[in-house]
Structures are given as structure tokens and as C-alpha cells.
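Structure at a glance
Each chain, letter by letter, is given below.
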There are 4 protein chains.
Amino acid sequence: MIKLGIIGGTGYTGVELMRLLALHPVARVEVITSRSEAGKPVAELFPNLRGLVDLVFVEPAIDTYRDCDLVFFATPNTTAMSQAEALLAAGIKVIDLAADFRIKDIPTWEQWYGATHACPALVEDAVYGLPEMNRAAIGKARLVANPGCYPTSVILALLPLLANDLIDPASIIADCKSGSSGAGRKASLGTAFGEVTESVKAYAVDGHRHLPEIREVLRSLNADADLVFTPHLMPMVRGIHATVYATASGPADRVQTVYEDYYRDEPFVDVMPAGSHPETRSVRGANVCRIAVHYLPAANRYVVLSVEDNLVKGAAGQAIQNMNLMFGLDETTGLEAPGIMP
Amino acid sequence: MIKLGIIGGTGYTGVELMRLLALHPVARVEVITSRSEAGKPVAELFPNLRGLVDLVFVEPAIDTYRDCDLVFFATPNTTAMSQAEALLAAGIKVIDLAADFRIKDIPTWEQWYGATHACPALVEDAVYGLPEMNRAAIGKARLVANPGCYPTSVILALLPLLANDLIDPASIIADCKSGSSGAGRKASLGTAFGEVTESVKAYAVDGHRHLPEIREVLRSLNADADLVFTPHLMPMVRGIHATVYATASGPADRVQTVYEDYYRDEPFVDVMPAGSHPETRSVRGANVCRIAVHYLPAANRYVVLSVEDNLVKGAAGQAIQNMNLMFGLDETTGLEAPGIMP
Amino acid sequence: MIKLGIIGGTGYTGVELMRLLALHPVARVEVITSRSEAGKPVAELFPNLRGLVDLVFVEPAIDTYRDCDLVFFATPNTTAMSQAEALLAAGIKVIDLAADFRIKDIPTWEQWYGATHACPALVEDAVYGLPEMNRAAIGKARLVANPGCYPTSVILALLPLLANDLIDPASIIADCKSGSSGAGRKASLGTAFGEVTESVKAYAVDGHRHLPEIREVLRSLNADADLVFTPHLMPMVRGIHATVYATASGPADRVQTVYEDYYRDEPFVDVMPAGSHPETRSVRGANVCRIAVHYLPAANRYVVLSVEDNLVKGAAGQAIQNMNLMFGLDETTGLEAPGIMP
Amino acid sequence: MIKLGIIGGTGYTGVELMRLLALHPVARVEVITSRSEAGKPVAELFPNLRGLVDLVFVEPAIDTYRDCDLVFFATPNTTAMSQAEALLAAGIKVIDLAADFRIKDIPTWEQWYGATHACPALVEDAVYGLPEMNRAAIGKARLVANPGCYPTSVILALLPLLANDLIDPASIIADCKSGSSGAGRKASLGTAFGEVTESVKAYAVDGHRHLPEIREVLRSLNADADLVFTPHLMPMVRGIHATVYATASGPADRVQTVYEDYYRDEPFVDVMPAGSHPETRSVRGANVCRIAVHYLPAANRYVVLSVEDNLVKGAAGQAIQNMNLMFGLDETTGLEAPGIMP
């Protein structure tokens, strides 16, 4: 049995890790920490886990994780970077669900996150945890940077196009729509029900932290890649819909086959039939990214539609997928459940 | 032109007062205060008012209201009670949208609101601002206690039954469903979109502050009146649906006529045809309470369905209705707009 | 491997059966029928099942089910009653998720369902599939009437009170709030998004088909039981919240223990701590009924709060629970997954 | 008093016309028709109008409109084109809220709407009812083609850029998000609550009927204009958010001023301060299009955010604005009410 710790378990990614791991056959959460809720049973905060999870939140402390094989950071940004080194030194693998190790270029990271990085050397070691790009490296990694929710949906939408050199790499526009859970579980006016329901708005149009993350990954595939990225808040809790536009740079008639071939062996990327329009609800609760590619001849543009549950394939599910790889398990272990629809 | 002040204008009742008063033909908001937002244009906080409202939030201070004919308190509970006296002394009428003057029995108020009342003498003077009960008194009042949102819907549902002695007064159960705006405009985890959407829950089953308010009003009609009151939070922003049960104490065959007669001249209570099921959305944004009365012969019970927009007939609209009465205007002035549906 | 058939698989209970059974370790759906969608892959209609379900809808026909061990009817009312006999004769067990076999009293059934019952004799044989009442009988049954969604939540809320004779059995009021999926998956104006969102309404106040079902079951426990039952439509898709009122007929101080004792060994009924307010979202997707019991001394009334996912414990999940019992499996097989929250 | 008729008044644009006109000071609806609901009071179908609207639906017939000064078609596409001629011949002005007269190029219209146009000659006469483009012509028109909901939001977003020649006209991408009311008031599975809530999807990516409408209007400003248009369905009922991308063709530093100047005198277009992100809820129920323009230097692209209520500025409100112009009234008559927020 693989022994797991979760640091900062009171957020939506924390409860989602607990939900998904509750039935994992060979991994078990042994420790879950929270400064604010120490002493409280996890199932008191998250009653969906009543009867399945007996854990009590404890104060975070390095000794607490001694027996863990792997620790997930489900903390705010800048927490993991100051603790990861000690955990790794103790032989504990680490997956950070926040952003501390996602961007290789330290000045870029420091600019967007407004902080000095606490362990730049570790960043180099960290593997960007997108199995569809870095499966082998993840399998050997001791430190995985779990990708952001938006980046997962946008990068998976673009991989086949970039890998096959089918687009003008500087023409990309990613218009993304997210449920409110992307903002985390917290008291804030901006995510109050009365402010979010029955309304749509864009935010951070002039620059969102996921932009440099996406850009760096895309440039690892094509040095000229660049994009406009516009996040929008939707009146729903779970799900991201990325609508990605790019100008074709050659014949487009084989694009459906290109996508199907590219993702043929991927357990968690589902290329839909030509002409499809995936719905975010089809992946609710499931570790799947569902993609449909369209080509518009008049405009010579691709429109790629990509949906995921931001808390699953965009966060906790992908983290478990990475964990499975890091321990040599079948990648799909514990992640087979279909989405809930309706 | 009647000159108005709003104290504490950054909440949902504040913006709703501004929205409804924006087109009032003979009353105008001259001052709106907020400690936290002083200096900021109202329309920056509430962009729906852009182009219609030029006011800027100012610090609250008694001098600020000197020229006002009437001041609305859209503040949290316990604010109005410490300021009303000075305003009244300055010849300014007062409508409190919070609970400071709703309950005549001071010990009861102090028990439920956990505070010592700052001006018990004024409570006696205050008129409970339900025009369908106290129209004449409101017209002569200088201090009006605007009813709670739940009490408005429940009391209007019961008035014809109690006034006509048609029920066992101790048999009342009011099962109420409210949108999240009843909790106010604030950062709180409990009203976050992710916590409220796609879910229903009861709250305060063992005692809610609106219980003593309803009870006191009902007892002014029948000394034996008592009720069970259960509020529920709905995944919507506006609207209250009260489902009120009471055991019949005599023949029930004329009940539809009783309701129609009772409310025949009321501009803002709409008795629906026999057999109806009112929807909260039919009163969205409108100063109307829509009621349908059912009688179940087998159980010998009445089931009264009563819907209102908690921010309008349950708060800001009713406050303006009271203001109209206090200044001898036609009660419906500025309140004629129909609900928005869908 | 237990071989299953689903008749009428295009509704919400159909897809929910498929979702839950997709990972069942010892049962597999072999046949799924639909007149309207015959020839279409199931996963085309329900893309959440892509990659997990390869079945294609086929025309319903008795020969189709020859190899099945059990058939679920996920059809509209009055379908199962004309086909069950042939299936049973062929040695195939039957679970009807509709209402054909739920009510023992044939005239009552015929009055509420507006039809002549096609096989009254079978009704007597049928076992009402509420394991918490009829576990042993279900284990031996060949025909199970899966309970209605509202009845499940209301009966489970009341069982401990009735079984322990703690209430006036004629004083019951069940005020129930349901998501729109209870109305099924179909084109209808009344369940259109624009008609349901941001609104609450009661319906069928003067009589709903689940009333005689609940009444008959309650009377099997106490001949004097009767109730008022008021269903409401909520702006959400999944979940039922039953708020059940009853007058206490004796001391109430031990009621929390009574509930805990009554349901101590039940895998799918969760009695929450005293003072709790369960949320429907805590059971979303899970086969659980979560209950909290309150006692109001002033009114001498119990208020029982009971939540379930109407498509799971209120339909498909309970059907699988019954199936497990009918085949001697552990009752929880395939039903262990926690709810999805948020 | 201007006498109005509404043909086909049972849809969402019909009830919205009634709601907005209920308080119009100089225009009154005298006739409202419906084949399916003839004989039924309007307020029975739309209870928000109870007490304000006494009309009864009547069968449509030319004689019915004899006394009308203007008739609105709130009918499905292809209805107005066969009746407009007779109305105009009778001296009755016509505003078509459907698409029959929006596209000047008849073959294009016939291709996208799959029908032979019944009165091509009238199309030439019709004025495209976007006051911000065609105010003078609307004032003199007898037949106005009310713009589509998406086109209104997209064209208003682009007018200042195209009029000032600030963009590459072929680089436009309009990623649009709409509430479900855009699909009309009808029984359809695709717009059922259970299918729409908590989900986002694109639709008609390969071609939507509003594409040729937008394109034709844009080309009247710049012959080289072309666009990609992607509509998405949001889990909300009202509101459109258009996110419009275009490549800058020259210096962008004055763009905020360009927008403010362009719309300075427009009563119903609100240019927000630089850096803003408009929310659809800020225009709920109001006849306003709220716009924010952003420029991204790195990508040299404009991102224009444009929100409207699809039923108001995108349909019924704009129709009344056009009616006001056609009768020489102040354009804002009856349209001054602010949006409802929250």
C-alpha cells in the first residue's frame, strides 16, 4: 500500500484528492494537514466523505509525513517551494498541485507570482506533470509540477497541431471558460453565488498567470509559439471549456486523423468524431479531456474544442495519474469512473 | 422632490433601493454612505447603475443627512438603533431595513440578536412596515421598521386565515425556501457559488431570528398563534417561496373567496386562481407577493403558497412602498414595473 | 458474471444505471433497448460513457433478453406491467424502476395512474425494494418494485419514528424539494432551463402519485399513518431534500440515539450528528440517504431532514442495491463511491 | 397613443415586449396573437404580467391589426416575409424580430435559412434596425429588420475599430457566449434544465445563421471584413458575452478614446473605463450594450468585451428603440430602467 500525505487539504483540490483516492486499490491517504482546521475530522468539513474517510486534519510538520511515500501539496502558491526540499531529502516524492514548479524560467515565474523563488535549483529537477507529453520522465521523477487547469485543456487541444506543424504557431487564441471552483474554496465576494450565477464575464484579459505557463510549454514544442489567452468565469462550479483558434499553415484535410492517431493510446484524452461539440458536463468528476477539432476552410482556421473537469484532469485526477506513473502502477488505477451526467 | 439618504449602501438592499429609486418620479437619493467604499462612485460597485446614478459613497455622519427628508438604513442589525434618535430629532424620517425596530418585546429582541437595545423607547414608536396590516399607521409614522423577508411572505400568506379565524392558530408550519441574496452581499464561504449551486439545505432549524418576528406579529392577530419556521437555502439568488401549512378549524369551502376579498384592494398582493402554483421568478424584481391557497380535505389542512422577491417586496420595494405612504404619495409610485421572466 | 438488460435506456435512470454499472465487478449490462434510438451507440447519446460502454441500443423484444439474469425497467409507467410476466416466466428476474408494482392496492394504483393494471396478480408477488425495510424479502424476490424517489427520502426519514411509536402518525407533513431530473429526460416546456433556473415552485399540491405510495408503506408500519405531501421543483438537476414534520407523542430526549441505533448497520443511510443540516450536494452521485433529526420543544414537533440523490438512492443506485441482494452479493458492491462535492 | 400589435406573442421575445411596453407612456399593445394559445389571457401564460396586462391571445388575421400603427413580428423565421406586404399596404409599420429581412443578399439568405424568400423586393426596403448604425434611416423606415442577438453584440463591439480602420478586417474572431433564452421558449431536449445546467458547450462551430448577418453588416463598413464566429451555450438564461479578437493594423494607444468618442452620444452603448471586464448580469433586463476594449501589445491584438441582454438590446428592447425612432419619440422612452443586479 502506497502511503500518501496531503498538505493543505481544505480546498477543492484537497477534497477531490480524498474523493478519488477513497477507492484507490493500492494507495491510501495517511496524513492530511490544515493549519486552520487541525483537530477537525475531514468528513466534518466534507460530508460527502462520511463513512469513507476517518482522517482528522493535523497541523503541518515535516515529522508528520515521515512514513509517507508521496506528498501532495494542495496549498496556495509559494508554499510548496519552501518545503519540498526537506521532503525530497527524506526520500518522499512530491507532487505540487500549485504553481511553484511549473515554470522553468525563474525570472518569468518571479514576475508573474510576485515572489522570489525559494528553491530555483529544484525547479530544474521538477517534471511538468502532463503525462501526454512527459510520461517517461514522470515515471522517473521525484518531484512533479502538476499542470494548471487552463494549461491542461489548452495544451492538450494544441499538441497534435504543433507536433505535426500544422499551424502558424504565433496565431493561437485560447478563449477559455471556467467554472468557479477554479478560484478555490474560500470566502470571497467575487465568487459569491449572488455575484456568479446567471452571469458571464472575462477576467485578467491583460494577463493571467497561466499564460506564461502555457507559452513555455508550447515553446518547448515550437520556439515561435505564442498565444492570446482569455479566461472567463462561468455560472457553474466545475468544468473548463477551451475554444482554441489557430491559422492553418498547410492542408487541413487529415486533421481528424492526426488527432485520432496522436491520442490513440492515451487513456484520458478522448478525440470525438468529426463535427462534435463536447460538453463540460460529459467529464464532470472524470479524469478525461474530451477534444473535437474543426477546420473552417473560409477562414483557414482550426477551432479546437477541449473540455475537462478542472478539479480532476485539471488538478486532482491528473495528480493521481502522475502518482500512478511515479509508482509504476497502471496509469488508470483508481481513475476509471465515468463522468456524472446529468 | 423628496430627498433621500441611504446609510450603508453597499449591500444587496442598498443597490436594490438605488435601482428602484433611479426612476422614482418624486424622490431622489441625495446621499449614500459606506465606511468601506467612501470616495468610490456607486456605479463602479454596481455597474448596472452606470449612466443613471452619479452619486459617490461618502463616510456616514449625521451632518451628511441634514437636507434629507428620509433616511433608509440598509445596514447590518444594531446600527440603526444607535443613530435613529438623532435623525428623528433632526426632523428626518427613518426606515430601517434591518431588524432593530421590528420586535416590540425588548427582552425577546435582546435574546435573539445578542445585544442590548440602544433605544427601547423608540421601539414603541416604530411602526411595523407591512402596509397590508398597518397602512394608516405607516402614513403617520416617522420611524418604520421594514419587515424581514421571510416574515413578509409568511404573514401575508396567513393574514386572511387568521383574520377570519379559519385555522387552529397553533398548528402553523412555515417551510420557507430562499435565494442566497437573503444572506447579503459579502465574502463568506457558506454563500460561495461552489457551496450553493446545485444543492439545497435547511439551516437554523432550531431557531432563526425571523421566528420571533413572525410570532409576535401573528400574536397581535391571535394570541394563541404559534409556528414552526424552517428556512432553506436554494441554489438561486432572488426569491422566497413560503409553503405554509395550518389545520382548518371550520368549513373551508369559501377560502378562495376569503383570500380574494381580503386582498382585493391591495396593489401588491396578488391572489392567484384556485389551484395555482406561483413561481418565484414571476415576481423577480417586482414589488409583489403572489399567493395561492389550497385546502386538502383528507388532511383538513390549508397549504398556502406565497412567493416574493426577497430584495423587493421582502426589502427595498416594501421600504419604498412605506416611504410613499409616509409622504402621502400614491403607494405604487415607482413600483409599477412587472417582474422579469424568464 | 451477472448478465443484465435495461429496457428503456435513454432516460436519466437509464444512463445512471449504465454509469454505476460500468465499474461493477460482477455484473455487466449486455442489452439495452430503446425504440427511438435503436441502432445508435449508447455513448453517442451519453458521451460520459465514451470508452467505457460499447453497447448499441436495440429494439425491445423478449428474445433480446434471453441470456439476461435480470432486467431493469427504466421505462415510463405502465410499460413493465405488460412485459414482466413473460420475463419472469423465462426465469429472468425483474426490477421495475417505474411505478407499476409499487402499490399493493390495485384500485388505488388504477385511480392515481389512470390505467387498468395489466397483471394485478404479480403485484402481490412484487417486493417493495427498500432494503432498509425489506432486505430479506428482496433477497428472495424475483420481482422488485423499486421505490419512488420522493418515497425513499420520506420513508427513510420516518422509519425510526414510526417503528418506535414516537409520533402522532396522522400529523405528518412532508415538504419535499427536488431537482429537475426527477421529471425525466425529455423535451418539455416545464423543465426547460429558462423555466426552471432561478425559480422555485410547488406543484401537484392537491395530489401527487407518490402520496399513495408513501401512505401505503407508512400504513404497513402504523395503520393510522397519514401525511400531507408537497413536492417542489428546485433550480438544480439532482437531489431531493425532504423536510418532514411530525408531532411527538411522548418524550423526545432520546431521538438522536433512536435514529443512530435504527440505522447503525445500514450501509447507505447516514444519521448525522445532532443539530446537523444535510446538503443534497453531499450525496450527489452517491447511493446514500443522509438524515438529521431535530426536535423543537416549544412546538413539540420533530423536523427530520433527509437528502438523497434522486437518481441514485432514489432510483438507479437503489436498484443496483436491490440487484446485489437478489444475487446474494455484498449489498454495497459497486456502490461505494462517495458523492461529488462541490 | 401609438397602437401596437404583436404577432406570435408566446415566446420569450413576446413576453419581453409586453414587459417593457407595460409601462411605455405613449405606446400600448392592443393586439397579441397566437395560434396555439388563442383565447387564453396573456397573464395566464406569463404571470409576471398579472395585474398589468389584460389582453387575451387572439388568432392571427390581417383584420385584427387594422387599427394598429405598428406590428411586431415575434414569430419564427419565414413567418413575417409572407405577411409583411399586406400590413405595409394597409399603412401599418412593421418590425420583424426574426431574420426574414436582415440579410440583403437573397441567395445568401435562402442558403442559410433553407427557404425561398417570399418577398425579395421588400428586403431592399427594409432597414437593418441597429440605431447606432442606421438611426436616420430607421426614423424614416416603414419596415425594420431587428438585428439578431449575437450580431448586435458583435457589431457594436467592432464598429469603432472598423470605422476608424484600426484592424486587419479579415482577422476577426468572435467567441460568443449566450444564455439559453436565445433558443426560444419551447419544449426541446437540448435546452432542458438537466442538459444545460452546470455545463458549457460550443455549437454550430461550422456555421451559424448569424454569421452571414454579421459578415454582411461588417462588409458594408469594410469590403474585406470577415470573421470566425463561435457561439457557445451557457448555463444561464439571459445574456450574451461577446469576446471579439482582431489584429491591430496601426498604433493602438488611442483606442480607449476612439471608443468613448464613437459612442459618446449613444444612450444605449456604454463604454467602460480602460481595463474593465463587463458582466452580463449588469445589463440583465436593460437595453444596454456595455463594452470594454483591451489591447495586447505582445500579440498586437485587440480584445473587445461586449455584453448585452439578448432579450432586450438583443431583441425586444432594441425593437422598442426602433419603434421610438420610427414615431419620432425620444429614443429612450420606456427603456430607461437599469439592469437587475444581482
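Before any of the text, the structure's been laid out above.
This write-up is about the structure you can find in this document. From a predicted model like this one, the values you see are computed outputs, not experimental measurements.

**Some words on the overall build of chain A**
Broken down by element type, chain A carries 11 helices and 13 strands. Taken over C-alpha atoms, the radius of gyration comes to 19 Å for chain A, in line with the 20 Å a tight globule of 342 residues would show. For chain A, the spread of C-alpha atoms along the principal axes amounts to about 60 × 45 × 40 Å. Relative to its 342 residues, chain A shows a buried fraction of 65%. Contacts spanning at least 24 positions in sequence make up 70% of the contacts within chain A whose residues lie at least 6 apart. By element, 48% of the accessible surface of chain A is carried by carbon and sulfur atoms, the whole surface being about 10,700 Å². One way to put it: in chain A the 28 positive side-chain charges average out to a point 3 Å from where the 39 negative ones average out.

**Thoughts on unusual backbone geometry**
Residue and element names in this part refer to chain B. In this structure, the amide linkage connecting Met341 to the following residue, Pro342, adopts the cis form with an omega of 5 degrees. Looking at the element boundaries, Pro342 is found in the segment after α11 (312-326). Positive phi is not limited to glycine here, since Asp165 has a value of about 55 degrees. Along the chain, Asp165 turns up in the loop between α7 (149-163) and β7 (172-178). Positive phi values are uncommon outside glycine, yet Glu198 reaches one of about 55 degrees.

**Some words on the relation of the copies chain D and chain A**
One copy of the chain maps onto the second through a rotation around an axis plus a translation along that axis. Taken as rigid bodies, chain D and chain A are interconverted by a rotation of 180 degrees and an axial shift of 0.0 Å, the fit giving an RMSD of 0.0 Å. Between the two chains, the operation in question is that of a two-fold axis. Among all residues of chain D, the one whose C-alpha sits closest to the rotation axis is D:Pro235, at a distance of 3.2 Å. Looking at chain D, 100% of its interface residues are interface residues in chain A too, so the copies touch through the same face.

**Here we look at the sheet that holds strand β5 (residues 127-128) of chain C**
Residues and elements named next belong to chain C. The strand order across the open sheet built from 6 strands is β2-β1-β3-β4-β6-β5, with neighbouring strands paired in parallel fashion. Looking at which strands have only one partner, the edges of the open sheet turn out to be β2 (27-33) and β5. Taken together, the 4 bridges between strand β1 (residues 2-7) and strand β3 (residues 70-73) define a ladder with parallel strand orientation. Within β3, the position partnered with Ile6 by the bridge is Phe72. Taken strand by strand, helix α11 (residues 316-326) contacts β1, β2, β3, β4 (93-96) and β6 (143-145), and its axis lies near 160 degrees from that of β4.

**As for the relation of the copies chain C and chain B**
The operation relating chain C to chain B is a screw motion whose rotation component is 180 degrees, with 0.0 Å of axial translation and a residual RMSD of 0.0 Å. When the interface residues of chain C are mapped onto chain B, 100% of them again fall at the interface, so both copies present the same face.

**With respect to the packing of aromatic side chains**
Residues and elements named next belong to chain D. In this structure the tally under the stated criterion is 18 aromatic pairs over all chains. Here Trp109 and Tyr113 contribute two aromatic rings whose centre-to-centre distance is 5.2 Å and whose plane-to-plane angle is 15 degrees, an arrangement assigned as stacked. With Trp109 and Tyr113 both in helix α4 (residues 106-113), this residue pair falls 4 residues apart, about one helical turn. On the basis of relative accessibility, which here comes to 0%, the residue Trp109 falls in the buried class. Between the aromatic rings of Tyr262 and Tyr263, the centroid separation amounts to 5.0 Å while the plane-to-plane angle is 85 degrees, which identifies the pairing as edge-to-face. We classify Tyr262 as partly exposed; its relative accessible area is 31%.

**Thoughts on the packing of α7(B) against helix α10 (residues 255-262) of chain B**
All names here are of chain B. Look at α7 against α10: their axes get within 10 Å of each other, and the N-to-C directions meet at 110 degrees. Between α7 and α10, the angle is such that the two are roughly perpendicular. In this structure, α7 meets α10 at a crossing whose hand is right-handed. Here Ala157, Leu159, Pro160, Leu161 and Ala163 of α7 lie close against α10, whose contacting residues are Val255, Val258, Tyr259 and Tyr262.

**Here's the deal with the packing of helix α1 (residues 12-21) of chain B against α11(B)**
Residues and elements named next belong to chain B. Where α1 meets α11, the axes come as close as 10 Å, and the angle between the chain directions of the two elements is 50 degrees. One finds that α1 runs oblique with respect to α11. With respect to the hand of their crossing, α1 and α11 are arranged in right-handed fashion. In this structure, α1 uses Thr13, Glu16, Leu17, Arg19, Leu20 and Leu21 to contact α11, whose residues at the interface are Val312, Ala315, Ala316, Gly317, Ala319, Ile320 and Met323. Classifying every residue of the contact of α1 with α11 by side-chain character gives 9 nonpolar, 2 polar and 2 charged.

About the cut-offs
Residues numbered from 1 in each chain as written. Chains lettered and ligands numbered in written order. Predicted model: local features only at pLDDT ≥ 70, side-chain atom pairs only at ≥ 80, totals over all residues. Heavy atoms only, no water. Helix = DSSP H or I, 4+ residues; strand = E, 2+ residues; numbered from the N terminus. Rg over C-alpha atoms; globule rule 2.2 N^0.38 Å. Buried < 20%, exposed > 50% of the residue type's maximum accessible area, 1.4 Å probe, protein only. Contact = heavy atoms within 4.5 Å. Areas by Shrake-Rupley, 256 points an atom, 1.4 Å probe, with all protein chains shown as cover. Lys, Arg positive; Asp, Glu negative; His and termini not counted. Charge placed at Lys NZ, Arg CZ, Asp CG, Glu CD. Least-squares fit on C-alpha atoms with pLDDT ≥ 70 in both. Pairing = 2+ DSSP bridges. Axes fitted to C-alpha atoms, helices over the stretch in contact; angles between N-to-C directions. Phe/Tyr/Trp six-rings, centres within 6.5 Å; stacked < 30°, edge-to-face > 60°. Parallel < 35°, antiparallel > 145°, perpendicular 65-115°, else oblique. Left-handed = near helix turned anticlockwise from the far one by under 90°. Nonpolar A, V, L, I, M, F, W, Y, C, P; charged D, E, K, R; others polar.

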